[in-house]
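The lines below spell out each chain.
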Amino acid sequence: MLEIKKLENYELIKKIIHTTPAEELKDYVIVVLDRKSSNSLREIRVSEVTKLMKDRLVLSDAIIPLHRVVEIRKSGEVLWRRSA
């Protein structure tokens, strides 16, 4: 059986940012744990990411550590989910 290596969240986000046309970035959503939100999750469009670093996402209004990323979706389809 052929084993396919899963991308880590940083690698997947990097690939999305660098290979997706700008007008399609709005289709991608990163779901993160958010201590300030009432449901404890926040959805961020990839188009909102101003800078991607190895350990964090930089937005215009926040810096989010990558260990808080729980899911990455494209048009509602889950591309990556943190394993339990």
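Our subject is the structure that appears above.
Residues numbered from 1 in each chain as written. Predicted model: local features only at pLDDT ≥ 70, side-chain atom pairs only at ≥ 80, totals over all residues. Heavy atoms only, no water.

A.B. asks: Pulling in residues and values, what's your account of the pairing of strand β1 (residues 28-33)?
C.D. replies: β1 sits mainly inside the fold: five of its six residues count as buried. Judged from the five bridges that link them, β1 and strand β6 (residues 69-74) form a sheet pairing that is antiparallel. In the sheet register, Ile30 faces β6, and the bridge partner there is Ile72. As judged from the five bridges shared by β1 and strand β2 (residues 41-45), these two strands associate in the antiparallel manner. Bridged to Leu33 within β2 is Leu41. (Buried < 20%, exposed > 50% of the residue type's maximum accessible area, 1.4 Å probe, protein only. Helix = DSSP H or I, 4+ residues; strand = E, 2+ residues; numbered from the N terminus. Pairing = 2+ DSSP bridges.)

A.B. asks: Got a sec to walk through the sheet that holds strand β5 (residues 63-65)? Specific residues and values, please.
C.D. replies: Here three strands make up an open sheet; going across it, the order is β3-β4-β5 and the pairing antiparallel. Where the open sheet ends on each side, the last strands, each with one partner, are β3 (49-53) and β5. Neighbour-to-neighbour, the strand axes of the sheet open up by a mean angle of 20°, direction not taken into account. Across the face of the sheet, helix α1 (residues 9-19) comes into contact with β3 and β4 (56-59) while running at roughly 135° to β3. (Axes fitted to C-alpha atoms, helices over the stretch in contact; angles between N-to-C directions. Contact = heavy atoms within 4.5 Å.)

Purely spatial values, then, with no claim about function.
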